[in-house]
Amino acid sequence: MKRYNPKEIEPKWQKVWEDRKIYQASEDPAKPKRYVLEYFPYPSGAAMHVGHVRNYTIGDVVARFYRMRGYNVMHPMGWDAFGLPAENYAIKNNISPQQAIAENTTRFKQQLMRMGFSYDWSREINSSDPSYYKWTQWFFKLLFDRGLAYQKESPQWWCETDKTVLANEQVESGKCWRCGNEVTKKSLKQWFFKITDYADRLVEDLEDLDWSDAIKSMQHNWVGRSKGAEITFAVETSKQKTAKEEKIIVFTTRADTLFGATFMVLAPEHPLVMKIAKDSQKSEVEKYVKQAQVKSDIERQDTDREKTGVFTGAYAINPANNEKIPIWIADYVLYGYGTGAIMAVPAHDERDFEFAVKFDLPIRQVFMESGDDPVNPPQEKFKMIKRKTVVVHLRDRSSGKYALLNWHGTLEGITTAIMGGIDEGETAENAALREISEEAGIHNAKIVKTARWISAATYCASHKQVNRKSISTAVLAEVDNLSKQTEVADYEKKTHTLIWVTGDAVEESLIPINQKQIWSYLQNETALTGEGEVINSGEYDGLLTSDMREKIVADLAKKKVGKEVVNYKMRDWLISRQRYWGAPIPIIHCPKDGAVAVPDDQLPVELPEVKSYQPTGEGASVLAGVEEWVNTTCPKCGEPAKRETDTMDGFACSSWYFLRFADPHNDVEPFSPQKAKFWLPVDDYIGGAEHAVMHLLYARMWTKVMYDAGLVEFKEPFTALRNQGMILAPDGQKMSKSKGNTIEPDELLDQGYGADSVRLMELFIGPWDQSAAWSVKGLGGTYRFLNRVWTICQEHMTEVTKLETEDQTQKVENQDISKELRRAVHQAIKRVSVDLHDMGFNTSIATLMELTNELYKLKRSYPVGSAEWHDALSILLQLLAPFAPHITEELWQQLGGQTSIHTSSWPLWDDALLVNNIMKIIVQINGKLRAEIHIATGASEIQVLDTAKANERVASYLQDHKIKKSIYVPNRLVNFVV
RNA sequence: GGGGAUGUGGUGGAAUGGUAGACACGCUAGUUUUAGGAACUAGUGCCGCAAGGCGUGAAGGUUCAAGUCCUUUCAUCCCCACCA
């Protein structure tokens, strides 16, 4: 008997498939098309590991499954070859990037080939090939012509030692990754794509996509659309005659809190900062601005950092109440978002609160929480009364307990702190001591602290009106001992009883929600965010915050000091790279005509060969040093002009590659519209979640640009997106070259496991969309499984030869077992077909293992060698073919297959063959499993119930009980309720 | 802080509201002269000699029946993050 030897059969079949071109796709209108795509890889210096392989395995199984089901499948592969890592790799190894890419793609391709993936290699593309980037440049021009590519001064990280700009990710804690020196910011003219023009569409069109919620929400958050208002604050006019009136525009999503704005904050980079700063503060302000410049983003983004800032000396006028409020600068306000200036509402914004506490700025509450109320129905509106009140939490130091009041009469059921009104001319503290003495009979209490700002509205007890509320000051007081406590007046006794509770019990004892809020505020003073009922806001008092938001914006708009605006977190896409290894930006700078696009007939603008790829400095790529390349003539006027020396971000190349696969060799246009229409959009896009917001957003934007330009007829490039889970190293850590814990497929193949076992393991290890740690022992399991498949096929064929040479009449006939064999096979067809359709790879493989185990059992009583066995084994091989293409092809041919198993038709199941003669019914009593009965299929409910009751075990349980109810789930279970 | 996800045996993981633990790893025993990473057969959630009981992060609830649905809560991971 031949042994299973993957090392021998795998290369053999890979060559046959390549020679016969069985995976080549063409526009065959007779079949439905399916475009299956995995992210095209970045051929870096590090080899591909089993984590990458999982991505391609998933795509390959999907592609093969659809191919066998009669789809016209396109499954292409190419190389995302431009970019920094390749350039750095080349510099490090002292070779050209071209050479580095050539070497790496060769190695990657070999690795992919060895895994037996069914790629149509005739469509292979390479983004660094002039025949490809010619069209990337063409698309740049398309964006340029449509006003979507523009140049702007933008501050970039700059390393003075290396004389180069650095990408954000190359700055580590404010230091250059190469030399370790501190970096600064330098303003450079940069190219941008106006992705913000597409912000709304990028969010709206997400809805219909078959993508995971995780990625959708990431993109949603990344675009960060927020509806709010811009409000104009006038800067208080200076007494100096020369000064003209300045205005500060802020962006806010909470216009409803405008009355609570007690100061303003500008970002240090804000252009008004030096203009409005008063002379007395100028040196302080300058110092702060300089400090902020040096701070790295990482430092500034540390939310745990204490707030810093300086006062400018200037004041602004709050347009709502004409109040004069101080203007500060602080780096917690980001220049890049909104208008770079905010109105600070410390009572209702945690950052502003923190800042106000640190610099002792006023805090004013302008709404209060409106929560569920046990006494009043929530729909009933409260009346605010003008009288201010005080709420006092009194602690007895000797017992640690707090004083609370249980109320009687109209306020029955309410438990509050000691409270009462603040009389004319009285401070909150005085009122607190007076109330303690009146309501608790304690005269030696001391004030511990008064809350920084008024907290929440309370019931107005003295008016015996539960539907009235007043605004209260919260006070914490203490008393040393209760020896001097006296009786309280009779009228006090009537309204309430004093109780003492431990600190832990205070919150739960307090009844109206407002009382709880005051307590928790006293414990931990913080901003009140969220929504509520407006207070302290003049004519707007009593509105819900959400309603006030709309009203005040409308009112401000009438006065032309405000308007509704939408803001995005997303910025325009900076695509300039001062690096060599990228597609040159096809622009010529003419002293007369400005930035002029290179005419189509001069594309591609090819990368010239250079001696050194090391960035030279001054914020330009090495291309700036290639004079014969830089110096050219203006396409418009013919006068001497210079080429743009920046190259494009690699993400530009990957923003359209999926379209190029449809027509990879076209040299007159990026793709033929017909071919694009035939293949696109991508039906299954498979890759890791790391591309969630970069590539996937950029590609979607480009597609929309193409749609607007009439180049394509679809708005979204990827109908379904599938993010596979990561494969971790056996130690549970992320695989990385630097950690030295990577496992490459090649080592497993060299050990003799074979690509088929590895492919199976990639998927059997767990659900495809969840990460899992690689298991070498598990790989032994899939290898063993393939061996069992191999062995049973060999046994069958040995038997066939024996039967052919010996006696044909000795064939064993057994109707029941033959039926059982067919049932097992058809059940597997059904389960694998359904599971594969839903990408249930691990359960599909489990089903195939189960079927194999079952076949082993059946062959003991029903020897292999018959035509029925031939059919059963053929189907097993077909079901296994998408997962393990080599072994199934080999055995398929050994069994007499004339053409490739991979071009055979996916088997169909027959429901009639799935039915068993005997059905198994579970018997439960009160939902607990008690017995299992077997009964002929098709038995009626009564028959089943009777049989169940007759069961010995069931009978013993039913003996002393009456059946209240019998539930019968057909063909499944019986439940007796007793 | 915001968003997303995940919690089931010794391990990876299965379970249209209907037998929890399929399949596999590991482990235990047995068979076979067996040096091949063996293969095959049987067993393997926990407690218990057994009958039986207990079991899906925790606590409640809905239901004849809950891993699955609802409410609360805890833990872990990922992404974004001083975004006004």
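Above this text you will find the structure in question.
Residues numbered from 1 in each chain as written. Chains lettered and ligands numbered in written order. Predicted model: local features only at pLDDT ≥ 70, side-chain atom pairs only at ≥ 80, totals over all residues. Heavy atoms only, no water.

1. Overview of the overall build of chain A
When helices and strands are tallied, chain A shows 30 helices and 42 strands. Put simply, chain A has 978 residues, and 53% of those count as buried. Sequence separation of 24 or more characterises 74% of the internal contacts of chain A that already satisfy a separation of 6 or more. Total accessible area on chain A stands at roughly 44900 Å², and carbon and sulfur atoms take up 49% of it. (Helix = DSSP H or I, 4+ residues; strand = E, 2+ residues; numbered from the N terminus. Buried < 20%, exposed > 50% of the residue type's maximum accessible area, 1.4 Å probe, protein only. Contact = heavy atoms within 4.5 Å. Areas by Shrake-Rupley, 256 points an atom, 1.4 Å probe, with all protein chains shown as cover.)

2. A look at helix α28 (residues 885–894)
Burial analysis of α28 places eight of its ten residues in the buried class, which makes it a mostly covered element. By the burial criterion, the buried members of α28 are Pro885, His886, Ile887, Thr888, Glu889, Glu890, Leu891 and Trp892. One or two positions beyond α28, positive phi appears at glycine 896, with a value near 110°.

3. Comments concerning the packing of aromatic side chains
If you walk through the whole model with that rule in mind, you get 46 aromatic pairs. With centroids separated by 5.9 Å and ring planes inclined at 75°, the aromatic side chains of tyrosine 657 and phenylalanine 658 adopt a geometry described as edge-to-face. Take tyrosine 657 and phenylalanine 658: they sit in the same class, and that class is buried. Over the ring of tryptophan 17 we find arginine 64; its NZ or CZ atom is 5.5 Å from the centre of that ring. Between lysine 307 and the ring centre of tyrosine 332, over which it is positioned, the NZ or CZ distance is 5.3 Å. (Phe/Tyr/Trp six-rings, centres within 6.5 Å; stacked < 30°, edge-to-face > 60°. Lys NZ or Arg CZ within 6 Å of the ring centre and 35° of its normal.)

4. As for the state of the cysteines
As enumerated under the stated definition, the model contains zero disulfides in all. Lacking any disulfide linkage, cysteine 590 is separated from the closest cysteine sulfur, that of cysteine 637, by 3.6 Å. Free of any disulfide, cysteine 634 has its nearest neighbouring cysteine sulfur in cysteine 590, separated by 3.6 Å. Cysteine 634 sits in the buried class, given a relative accessible area of 2%. (Disulfide = S-S within 2.5 Å.)

5. Section: the protein's contact with RNA strand B
In the vicinity of RNA strand B lie 56 residues, with Thr253, Arg351, Lys569, Gln751 and Tyr753 positioned nearest. For RNA strand B, the backbone makes up 58% of the atoms found within 4 Å of the protein, where backbone means sugar plus phosphate. Residue lysine 307 places a side-chain N or O atom 2.5 Å away from a base oxygen belonging to RNA strand B. At 3.2 Å from a base oxygen of RNA strand B is found a side-chain nitrogen or oxygen belonging to arginine 972. Tallying contributions element by element places helix α26 (residues 841–861) first for the surface near RNA strand B, with seven residues. Partitioning the surface near RNA strand B into residue classes produces 21 nonpolar, 16 polar and 19 charged. (Near = heavy atom within 4 Å. Polar contact = N/O pair within 3.5 Å; in protein donor to acceptor, adjacent residues only side chain to side chain. Nonpolar A, V, L, I, M, F, W, Y, C, P; charged D, E, K, R; others polar.)

6. Notes on the side chain of threonine 257
You can see threonine 257 is positioned in the loop between β11 (247–252) and β12 (263–266). Within the structure, the side chain of threonine 257 is placed 2.8 Å from the backbone oxygen of arginine 254, a separation counted as a polar contact. Setting aside its immediate chain neighbours within four residues, threonine 257 contacts Met343, Val345, His348, Val366 and Phe367.

7. Here's the deal with the environment of tryptophan 211
Considering the arrangement of structural elements, one finds tryptophan 211 in the loop between α6 (199–204) and α7 (213–223). A C-alpha to C-alpha distance of 45 Å links tryptophan 211 and glutamine 523, two positions 312 residues apart in sequence. There is a polar contact of 2.9 Å between the side chain of tryptophan 211 and the backbone oxygen of phenylalanine 718.

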